[in-house]
Each structure stands twice: as C-alpha cells, then as structure tokens.
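# Coordinates in review
Listed below, chain by chain, are the residues.
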Amino acid sequence: MTLLVGETHRRSSVHSYVHRYETDTSRPTFGSACRDLAKRALLPATLWWLVMVGLGLLIVGPLRDLPAETGVNRWFEARRTAGLSSLTLVLSDFGQTQFVIAVCLLVVAVFWWRTRQWWLAVVPLIAIGLQAVLFFTSSLLVGRERPDVPLLDDSPPTTAFPSGHTSASAALYVMLALLCQRITRPWLRWGLTVACLLVPVAVATARLYRGMHHPTDVLVGLVNGVVCALLAWWYLRRDA
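Presented here is an overview of the structure given in this document. Position labels on residues start from 1 in each chain and follow its written sequence. Two thresholds apply to this predicted model, a pLDDT of at least 70 for residue-level local features and 80 or more for giving and counting side-chain atom pairs, whereas whole-chain, interface and lining totals are computed over all residues. In computing side-chain values, all of the structure's heavy atoms are included and hydrogens and water are not.

## Details of the pattern of salt bridges
Close approach of charged atoms lets side chains of opposite charge pair. What counts here: Salt-bridge detection follows one rule: a side-chain nitrogen of Lys or Arg within 4 Å of a carboxyl oxygen of Asp or Glu. Only DSSP runs of H or I with at least four residues qualify as helices, and only runs of E with at least two residues qualify as strands; both kinds are numbered from the N terminus onward. Per-residue accessibility, obtained with a 1.4 Å probe over protein chains only, is compared with the maximum for each type, and a residue is labelled buried under 20%, exposed over 50%, and partly exposed between these values.
Counted under the stated rule, the structure contains eight salt bridges. Put simply, Arg74 and Asp148 hold a salt bridge, and the shortest N to O gap is 3.7 Å. Here Arg74, found in helix α4 (residues 70-78), pairs with Asp148, found in the loop between α8 (123-142) and α9 (164-179); they are 74 residues apart in sequence, far enough to count as distant. Residue classification places Arg74 among the partly exposed positions, given a relative accessible area of 37%. Residue classification places Asp148 among the exposed residues on the basis of a relative accessible area of 62%. For Arg144, the salt bridge identified is with Asp217, shortest N-O distance 2.8 Å.

Spelled out as structure tokens, the structure:
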C-alpha cells in the first residue's frame, strides 16, 4: 500500500510539473516572478555553471584533453560522404544561433497571443538566455581546442567545450516538447514530443560528424540545454 501511494504521488508530481502553466493560470506579480527567477533558475544555473567549468578544466588539464576521444573523431571523419555532409549541414543549422533565436521569438509571440500569459510566454526566452550565457562564459574560460580533423564549418569565436549548437538546440526543443503537452490529440502530442526530443541528438551527431566538437563537448552541451530548459520551466512558484 505504501509503495502504491508513493508511486501515485510521484506520477501526480510529474503531471503537475509538466502541466503547471495549464492547470494554474493565476497571474503572478512582476516582482514575484523576478524573485522566483533569481531563486529557482539563476541560482541553480550558477551552481551548474561551476560544475560545467570544473569539468571542462579537468578535461583540458589533468585529463590531457581526453586523447581517447580522438578515435571517435577519426571514425566520423572516415565515414564522410557528399550526401552525409549535406545532410549534417542542414541538421547543424537547427542549432545555429540565428535559427534558434528566430524560432524562440516565434514561440514566445504565439503563446503570448494565444494564452495572454506573459509568465508562460517568457519561459522559452529564459531557457535560451540561460544556456547562452552559461555556454559562452564556460567556453571562454575552458578554451578547449577543436578536434584534430578537417573541419567542415568555419570555427566560431567560441571554443570547443561545450557545444553551443547542441546546447541551444537542447534548450529550445526540450522546451517545445514541454509546450507540446498542451496538444489534446494523443498521436499528435506524442509524435511532436518525440520529434522535438530527437532534434538535439541529431544536432549533436552532426557536430561530431563535421569535426567541430569532441564527444564530451556535445554531451555536456546536451546536459546544459536540458538543465536550462527545466530550470526555465520551473522558475515560477506555483503554490498548491
């Protein structure tokens, strides 16, 4: 009986977390939203940033840039074809800064128009903004070199760790997956949710194929994007 009650409570908590802005439409004050943003998103994000920077400095320092990852980079290089190069160029663009910002602003505008809930509409902006600051500052501090393979893209001003394309795509598409839970038709809701969650994985694979990142770069980028998306979704306190 105790296990059953615990499982029921867990499922209820998950449901409340995912549908928080749908089941509670009460209007917060601007001040309370800012305080919740600082406490529930910015502070945890700072702690995660310290972990991420620590991991990066460990990789480029005592771990000597993880030489075992060179084999993975060479494996992708050996399988390059004209067709795959064209495909990965398109997939990589799904995590490009301009594309992510454009989609984010479109989502914000649509949800503001449809719900009139500014506190919901700004959630994608929080997710994208958080991951961008964390990615950019950690990249500058860690300063990891690109893989020692021919690069298929021009190197951006940032360094390899973590992957900015992967981080941005994870933050955006995990957020879209959460927003998709409002869709009433189950087949459409689950289809779009799975598609959204697969996009960051495709972007990460494309960045590895194109020689722009090491495996740990895209892995940490994925985690960074997911963490920022979940923190943004959690930022506003919803009291029972």
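Right, picking up where we left off after that structure.
## Description of empty space enclosed by the protein
If a probe as big as a water molecule is rolled over the atoms, it shows which places are left empty. Here is the rule: Buried and open spaces are told apart on a 1 Å grid over the protein atoms alone, a cavity being a set of points where a 1.4 Å probe fits but cannot get out and a pocket being an open set with protein on both sides within 12 Å along at least five of seven lines. Residues with an atom within 4 Å of a point are the lining residues. Grid points are joined across faces, edges and corners, and a volume is the space filled by probe spheres set on the points. Polar here means any residue outside two lists: the nonpolar Ala, Val, Leu, Ile, Met, Phe, Trp, Tyr, Cys and Pro, and the charged Asp, Glu, Lys and Arg; Gly therefore counts as polar.
Under the counting rule described, the total for this entry stands at one cavity of 30 Å³ or more. Empty space within the largest cavity amounts to approximately 50 Å³. In the lining of the largest cavity, the residues fall into four nonpolar, two polar and three charged.

## Observations regarding the packing of α8 against helix α11 (residues 215-234)
Going by this rule: Axis geometry follows a simple rule: fit a line to the C-alpha atoms, using only the stretch in contact for helices, then measure angles between N-to-C directions, giving values from 0 to 180 degrees. Just so you know how the angles are binned, under 35 degrees is roughly parallel, over 145 roughly antiparallel, 65 to 115 roughly perpendicular, and the rest oblique. Two helices cross in a left-handed way if the nearer one is turned anticlockwise from the farther one by less than a right angle. They cross in a right-handed way if the turn is clockwise. Contacts are assigned to residue pairs that have any heavy atoms within 4.5 Å of one another.
Their axes nearest at 8 Å, the elements α8 and α11 cross at an angle of 140 degrees. If you check the angle between α8 and α11, you find them oblique. Considering only the axes of α8 and α11, their crossing is right-handed. Across the interface between the two elements, Val123, Ile126, Ala127, Leu130, Gln131, Leu134 and Phe135 from α8 touch Asn224, Cys228, Ala229, Leu231, Ala232 and Trp233 from α11. Class assignment of the residues belonging to the contact of α8 with α11 gives a composition of 11 nonpolar, two polar and no charged.

## With respect to the nonpolar core
Formally: Throughout this description, the term nonpolar core refers to a set of buried Ala, Val, Leu, Ile, Met, Phe, Trp, Tyr and Cys residues connected via side-chain atoms within 4.5 Å.
Membership of the largest hydrophobic core comes to 47 residues, with the highest contact counts inside it found for Tyr21, Leu172, Met175, Leu176, Leu179, Trp233 and Tyr235. For this core, the elements supplying multiple residues, two or more each, are α3 (30-60), α6 (97-115), α7 (118-121), α8, α9, α10 (186-209) and α11. A total of 10 residues in this core trace back to one element, the largest contributor, which is α9. Excluding residues that lie within four positions of it along the chain, Tyr235 makes contacts with Tyr21, Ala33, Asp36, Leu37, Arg40, Ala41, Trp119, Val122, Val123 and Ile126. Among the nonpolar cores identified, the runner-up in size contains five residues, and Phe76, Leu208, Tyr209 and Val218 belong to it.

## Some thoughts on the layout of surface pockets
The volume enclosed by the largest pocket comes to roughly 500 Å³. What lines the largest pocket is a set of 28 residues, among which Gly95, Gln96, Thr97, Gly164 and His165 lie closest to the centre. Those elements that provide at least two residues to the lining of the largest pocket are α5 (82-93), α6, α8 and α9. The element that contributes the greatest number of residues to the lining of the largest pocket is α8, accounting for five residues. Here the residues of the lining of the largest pocket are counted per class, giving 11 nonpolar, 11 polar and six charged.

## Side note on the environment of Val203
In this structure, Val203 sits in helix α10. For Val203, a relative accessible area of 1% translates into the label buried. Non-local contacts of Val203, meaning those with residues more than four positions away in its chain, are made with Leu91, Phe94, Gly95, His165, Thr166 and Ser169.

## Remarks on α3
Threshold: Residue count minus one, scaled by 1.5 Å, sets the expected span of a helix. A residue's bend is simply the angle between two axes: one fitted to the seven residues ending at it, one to the seven starting at it.
Taking 1.5 Å of rise per residue, 31 residues should cover 45 Å, and α3 covers 42 Å from first to last C-alpha, within 8% of that figure. The largest bend in α3 comes to about 30 degrees, at Ala38. Regarding α3, the residues found buried are Ser32, Ala33, Asp36, Arg40, Ala41, Ala45, Trp48, Met52, Val53, Gly56 and Ile59. Contacts made by the buried residues of α3 are with α2 (20-23), α7, α8 and α11.

## Details of the packing of aromatic side chains
For the record, the criterion: Side-chain rings of Phe, Tyr and Trp (the six-membered ring for Trp) are treated as a pair once their centres are within 6.5 Å; stacked means planes under 30 degrees apart, edge-to-face means over 60, and tilted covers the remaining angles. Only when the NZ of Lys or the CZ of Arg is both within 6 Å of the ring centre and within 35 degrees of the ring normal is a charge said to sit over the ring.
Applying the stated rule across the entire model yields five aromatic pairs. Arranged with centres 5.0 Å apart and planes meeting at 85 degrees, the rings of Tyr21 and Trp233 form a pair that is edge-to-face. One end of the pair, Tyr21, is in helix α2; the other, Trp233, is in helix α11, with 212 residues separating them in the sequence. When its relative accessible area of 1% is taken as the criterion, Tyr21 is described as buried. Look at Phe94 and Phe99: their rings are 5.4 Å apart centre to centre, the planes differ by 85 degrees, and that puts the pair in the edge-to-face class. Of the aromatic side chains, those joined through ring pairs into one cluster are Phe30, Trp118 and Trp119. The ring of Trp234 is capped by Arg40, whose NZ or CZ atom sits 4.2 Å from the centre of that ring. In this structure, Arg114 packs its charged tip against the face of Trp113, placed 5.4 Å from the ring centre.

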